[in-house]
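Descriptive analysis of the structure
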Amino acid sequence: MLVDFFSRLRAAGLPVSITEYLALLEGLSRGLGDHSVDEFYLLARAALVKDERLLDRFDQAFGEWFEGREATIRRLVADLPADWLKLRGELDLTPEQLEEAQRYESLEALMDALKERLEEQEKRHEGGNRWIGTRGTSPFGHGGHNPSGVRMGGKGGQGRAAKVWEQRTYRDLDDRRELGTRNLKVALRRLRQFAREGAATELDLDDTIGSTARNGGWLDIRMRPERHNAVKILLLLDVGGSMDGHVRVCEELFSEARAEFKYLEHYYFHNCVYESLWRDNRRREATRIATMEVIHRYPRDWRVIFVGDATMGPYEIVSPGGSIEHWNEEPGSAWMARLLDAFPSAAWLNPQPERYWNHMPSIRLLKDLMGERMFSLSPAGLEDAMRALRRRSAPPVRPAPETPA
Amino acid sequence: MSSSSRFAGTESYVATDALKSAVNAALTLERPLLVKGEPGTGKTQLAQEVAGSLGRPLFEWHIKSTTRARQGLYEYDAVARLRDSQLGDDRVHDIGNYIVRGKLWEAFESEQQPVLLIDEIDKADIEFPNDLLQELDRMEFYVYETRELVKARHRPLIIITSNNEKELPDAFLRRCFFHYISFPDAENMERIVEVHFPGLKKDLLADALECFFRVRDVPGLKKKPSTSELLDWIKLLLAEDIPTEALRAEDSRSLIPPLYGALLKNEQDVHLFERLVFMHRRNAG
C-alpha cells in the first residue's frame, strides 16, 4: 500500500531505493510506526532520506501524499486490527447498511471497497482530506457522522493544527539555497583525482616489505611520492559591471578552489573573452597576457572553468569591435571557440538564476558556444559542472577559426 | 525486542522525538544510524548518552583524514615483526602476535551488545565508507594473515557522525538510518541549559537565551554561536557573577553582551557585531 508513497517520493526527486523502502516496511512490521502518524512520519524520514538538503522536499512530498489519504494512512499505521469487522458492530448501522457491509466477505474486500470509496471521494471534493460518508449505504458511517469506533474522521490524534511536515523546518537546508563555503568545498571535491607525483617523501610500506623479503630479510627501505589531487584547473573569471552583485559568491568559490586544487591558475576577463586576459584585477594593464599565450602555456589536460553571468549585449560576443572596453579585431565567440578547442574539458558557471537564462540572448549564445555546458552557480549546478568536467570526451563544439598570425 | 532496550533520552541529554525515533529504529533493525548537524549540537555526545542510558559498553572510533577502513578492523604490524625477526625474537613465529585489533574488532568481541561510535566519518578519504560496507552489513570480516573469520557476537548499534565535509557514497547511505540534528529552538534550548545548569535562576536563563538568539540572528555572521558555546558562556556568566540586568536589551550598553568572546569566535564577526550595535545606538539616539 505504501508503494504509492514510494513512487511519489521518487517522482519528487528523492533518490529513495528499494533497500530503504524495505527497511521502512521492516520497521513498520516490527511495530516501529508506533501507531501514530507522527511516528510513522519520523520513521519514514529516518529510513528514506539521507541528506538534510532533501528533508524539505520529503516534507512536501509527504504532505502531498498525506493530503487526501489521511484516513487511509491513519488506518494503516493505527494497528489495523483483525477485529476490524468486529468494530462494525459498534457502528450506528441501519439493517440495510449492515446487509451491505456483510456483502464484503473478507477483510480485503472491505478494504478495497473503502479504498475505492476514498478515491471517489477525493475526486468529488476538492482537497477532500476528510472522511465523509455521504452514502446512505456505506458501512463506514454517513452524513458526516463520525463513528468514533472506527476513528476514520478528522478527529483523534491529528487534532494538532500543525503537522510536523507542514512546518517545513528544513526549508533552509534545501539544495536550491545559495552557496556556502561548505557546499562549495563538497562540490569541488568531486573533481578530485589522486595521483602520486613528485619527490618521494613517504615510506612505501608494502614495497618495503616486498623488497626486504626479496633481499633475504635485510631491510630495504622504499619511498614514494605523497598522494595529492592532481587535477589542473584554469579558472577564468568575469569581473566588473554586472558581476558586482555576485562578488561574494565568486570570492568564496575562488578561495575554496584555491584550497582544493594544487594546480589552479586564474585569469580575469570582462563580459566575454577576447584576445587578452589579465592576472590581477587591480593592476590590469601590468598583468595583461595574450589569450593565445594562455592557450599555449597550459597542456590540454587542464580543465577550464569560466565564471561569469554572461549578461551583455549579444554583439559583445558575435561581432568584431563588440567589446565595450576596446576595439577587438575578432569577435569573442572566436576566442571562446579557440579556448574550448585547446581545452576540451570545460564548464561555465553562471551566478544568474537559471530561470532568467532563456530571456537573455547573450546567455543563450554562450551556452550554445559552450556546447550546453553552462551551469548555475548553486550547489546542484556546481555538482553538475564538476561531473561534466570529469567526463573525458567533451561534446562537439563548433570548430575554432584559424589562429591569427 | 524488549521495551527496556529503547532509548528515551537521558537526564543529561535532551533528545527530540525525531531523534529518539531514529535511534530506536536503528536499534530495532540493527542498522547504523548516521547523524549530521551543525557543529556543537551534540552529535558525538549522542553515542555516549545512548550507551549510558542502555547500560551498554561504548567503543569510540575517531576518524582522521589519514584513517583507513582497515584500521578499524585490525592492523598487521609488519615492522615490529621484521624487527623481531632480525633480533631473533621467538614471538616472530606466530603471526597472531603482530595483529593489532581495531575498534570494530573490539566491538565485535564485546560480551554485551555494544554501541560503536564512528566519529566524523567525513574526515576520512572519500572512499572510506565504501570500504566498510561489507563489514557493517554482515558484521563480520576476514583476517587474511591468520585466516580467521571474525564475527560479531552481538550486532553493535553503530552511530556515525558527519560534519558534511564530504559527501558519503549512496551505497553507504542506503544502509543507514539518518537523522539531522537541527539547531534547538528556544524551548528545547531552555531544557538543554537546565540539564547542564540545574537550578539556574529563571530570569537569568530567559535573558541569556534571548541574548543568545539575538546574537545568532545577526545577519552575516560567519560562525553562528552554537549550543556548546552558549553553555560555555553561561558558565562564564555564572563564574563572573554578572548581574541579570546586564543582559537586558533595554539597557543600551548591554547590546554587546558581556563576555561575548565566548559566543563570537571570529574577529570579523566581532567587528560586524560592534558595527551593528553602533548603528543601532545612533538610530536610537
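This part is about the overall build of chain A. For chain A, the count of helices and strands is 16 helices and nine strands. When the 405 residues of chain A are sorted by exposure, 49% land in the buried category. For chain A, long-range pairs separated by at least 24 residues make up 69% of all intrachain contacts whose partners lie at least 6 apart in sequence. Roughly 20300 Å² of accessible area belongs to chain A as shown, and the carbon and sulfur atoms make up 51% of that amount.

What follows is about the interface of chain B and chain A. Contacts between the two partners involve 30 residues from chain B, matched on the other side by 36 residues from chain A. Taken together, the two surfaces of chain B and chain A that pack against each other cover about 2900 Å², and 56% of this comes from carbon and sulfur. Where chain B packs against chain A, one counts two salt bridges. A salt bridge links Arg31 of chain B to Glu26 of chain A; the shortest N-O distance between them is 3.3 Å. Linking chain B to chain A there are six residue pairs in polar contact (both at pLDDT 80 or more). Of all the secondary-structure elements, those providing two or more residues to the side of chain B that touches chain A are helix H1 (17-29), helix H4 (78-87), helix H7 (170-174) and strand E9 (177-181) of chain B. If one sorts the elements of the side of chain B that touches chain A by residue count, H1 of chain B sits on top with eight residues. Per-class residue counts for the side of chain B that touches chain A are 13 nonpolar, eight polar and nine charged.

All names here are of chain A. Looking at the secondary structure, you find Asn328 in the loop between helix H13 (315-318) and helix H14 (332-342). Assessed through its relative accessible area of 0%, Asn328 is described here as buried. In terms of polar contacts, Asn328 uses its side chain to reach the backbone carbonyl oxygen of Glu330, at 2.9 Å.

Okay, the environment of Gly371 of chain A next. In this fold, Gly371 of chain A is placed in the loop between helix H15 (361-369) and strand E9 (374-376). Residues Gly371 of chain A and Leu340 of chain A, spaced 31 residues apart in sequence, show a C-alpha to C-alpha distance of 9.6 Å.

The calculated volume of the second largest pocket comes to roughly 1400 Å³. Lining the second largest pocket are 42 residues, and of these Arg224 of chain A together with Thr66, Thr67, Arg68 and Gln71 of chain B lie nearest its centre. Ranked by residues supplied to the lining of the second largest pocket, first place goes to strand E2 (residues 223-229) of chain A with five residues. Across the lining of the second largest pocket, the residue classes tally to 13 nonpolar, six polar and 23 charged.

Our next topic: the packing of aromatic side chains. Residues and elements named next belong to chain A. On inspection of all chains with the given rule, the structure shows 25 aromatic pairs over all chains. Here Phe5 and Phe58 contribute two aromatic rings whose centre-to-centre distance is 6.4 Å and whose plane-to-plane angle is 65 degrees, an arrangement assigned as edge-to-face. Residue Phe5 is found in helix H1 (residues 3-11), and its partner Phe58 is found in helix H4 (residues 55-66); the two are separated by 53 residues along the sequence. An identical accessibility class is assigned to Phe5 and Phe58; each is buried. Relative to Trp302, the ring of Tyr298 has its centre 4.7 Å away and its plane inclined at 50 degrees; by these criteria the two rings are tilted. An aromatic cluster is built from Phe5, Phe40, Tyr41, Phe58, Phe62 and Trp65, whose rings are joined through pairwise contacts.

A turn of α-helix holds 3.6 residues, and therefore any two residues three or four places apart point the same way. All names here are of chain A. For helix H10 (residues 205-214), the set of buried residues is Thr208, Ser211 and Thr212. In an axial view of H10, the angular spread of the buried residues amounts to 105 degrees, which keeps them on one side of the axis. Projecting away from the buried face of H10 at angles above 90 degrees are the exposed residues Asp206, Ala213 and Arg214. Capping the start of H10, Asp204 holds a side-chain oxygen 3.4 Å from the backbone nitrogen of Asp206, two or three residues further along. At the C-terminal side of H10, Gly216 shows a positive phi close to 75 degrees.

Turning to empty space enclosed by the protein, a few remarks are in order. As enumerated under the stated definition, the model contains eight cavities of 30 Å³ or more in all. If you trace the second largest cavity, you find eleven residues lining it, with Arg45 and Ala46 of chain A together with Phe178, His179 and Tyr180 of chain B closest to the centre. Elements with a contribution of two residues or more to the lining of the second largest cavity: helix H3 (37-48) of chain A together with H1 and E9 of chain B. A per-class count over the lining of the second largest cavity returns nine nonpolar, one polar and one charged.

Next up on the list: the nonpolar core. Judged by nonpolar contacts, the single largest core of 83 residues is most densely connected at Phe5, Leu48 and Phe58 of chain A together with Leu46, Val50, Ile159 and Phe177 of chain B. Per element, the largest residue contribution to this core is nine residues, and it comes from H3 of chain A. Met292, Ile295, Trp348 and Met370 of chain A belong to the second-largest nonpolar core, a separate cluster that totals 33 residues.

On to the confidence of the model for chain A, then. A low pLDDT score tells you not to read the predicted coordinates there in detail. Residue and element names in this part refer to chain A. Predicted confidence across chain A gives a mean pLDDT of 71, with 64% of residues reaching 70 or more. Within the model, pLDDT remains below 50 along residues 79-94, and this stretch shows 26 contacts once partners closer than five positions in the same chain are excluded. In the predicted structure, residues 121-162 sits below a pLDDT of 50 and forms 69 contacts with residues beyond four places in sequence or in another chain.

With that settled, the discussion passes to the sheet that holds E9 of chain B. All names here are of chain B. Across the sheet, five strands lie side by side as E2-E5-E8-E1-E9; this open sheet has parallel pairing. Among the strands making up the open sheet, the edge pair consists of strand E2 (58-62) and E9. On average, each strand axis in the sheet is tilted by 20 degrees relative to the strand beside it, whichever way the strands run. Bridging between strand E1 (residues 33-37) and strand E8 (residues 157-162) involves four bridges; their strand directions are parallel. Opposite Lys36, over in E8, you have Ser162 as the bridge partner.

Looking at chain B as a whole, its pLDDT mean stands at 82, while 93% of the residues score no less than 70. Here the prediction assigns the complex a pTM of 0.58, and the interface score ipTM is 0.75.

What follows is about the pattern of salt bridges. Residue and element names in this part refer to chain A. The final tally for this structure, using the stated rule, is 27 salt bridges over all chains. Close ionic contact of Arg222 with Asp220 constitutes a salt bridge, the shortest N to O distance being 3.5 Å. According to the relative accessible area criterion, Asp220 is partly exposed, its value standing at 23%.

Calculation rules
All residue numbers refer to positions counted from 1 along the written sequence of the respective chain. Chains carry letters from A onward and ligands carry numbers from 1 onward, assigned in written order. For a predicted model such as this one, the threshold for reporting local features is a pLDDT of at least 70, and the threshold for listing and counting side-chain atom pairs is 80 or more; totals across whole chains, interfaces and linings nevertheless cover every residue. The side-chain quantities take in all heavy atoms of the structure and omit both hydrogens and water. Runs of H or I in DSSP of at least four residues are treated as helices and runs of E of at least two as strands, each being numbered from the N terminus. Buried means the residue's accessible area, taken with a 1.4 Å probe over protein chains only, is under 20% of the maximum for its type, while exposed means over 50%, and partly exposed covers the values in between. By definition in these notes, contact holds between two residues if any of their heavy atoms fall within 4.5 Å. Each accessible area value is a Shrake-Rupley result obtained with a 1.4 Å probe; residue values ignore everything except the protein chains displayed when judging cover. Buried area: the accessible surface (1.4 Å probe) lost by two parts on joining, summed over both. Whenever Lys or Arg places a side-chain nitrogen within 4 Å of a carboxyl oxygen from Asp or Glu, that contact is recorded as a salt bridge. For this analysis, a polar contact is any N or O atom pair within 3.5 Å, provided that within protein one partner can donate a hydrogen and the other can accept it, and provided that sequence-adjacent residues contribute only side-chain to side-chain pairs. Each residue gets one of three labels, nonpolar for Ala, Val, Leu, Ile, Met, Phe, Trp, Tyr, Cys and Pro, charged for Asp, Glu, Lys and Arg, and polar for the others, Gly among them. Computed over the protein atoms alone on a 1 Å grid, cavities are sets of points where a 1.4 Å probe fits but cannot get out and pockets are open sets with protein on both sides within 12 Å along at least five of seven lines; a residue lines them when it has an atom within 4 Å of a point. Grid points are joined across faces, edges and corners, and a volume is the space filled by probe spheres set on the points. Between the rings of Phe, Tyr and Trp (Trp by its six-membered ring), a pair exists once the centres lie within 6.5 Å; its type follows the angle of the planes, with under 30 degrees stacked, over 60 edge-to-face, and the other angles tilted. Working definition: the arc comes from the directions between the helix axis and the C-beta atoms, pointing outward to the latter. Note on terminology: a nonpolar core comprises buried Ala, Val, Leu, Ile, Met, Phe, Trp, Tyr and Cys residues joined through side-chain atoms within 4.5 Å. The predictor reports its confidence for every residue as pLDDT, a score running from 0 up to 100. One bridge is not enough; two strands pair if DSSP finds at least two bridges between them. Lines fitted to C-alpha atoms define the axes here, with helix axes fitted over just the stretch in contact, and angles between the N-to-C directions of these axes take values from 0 to 180 degrees.

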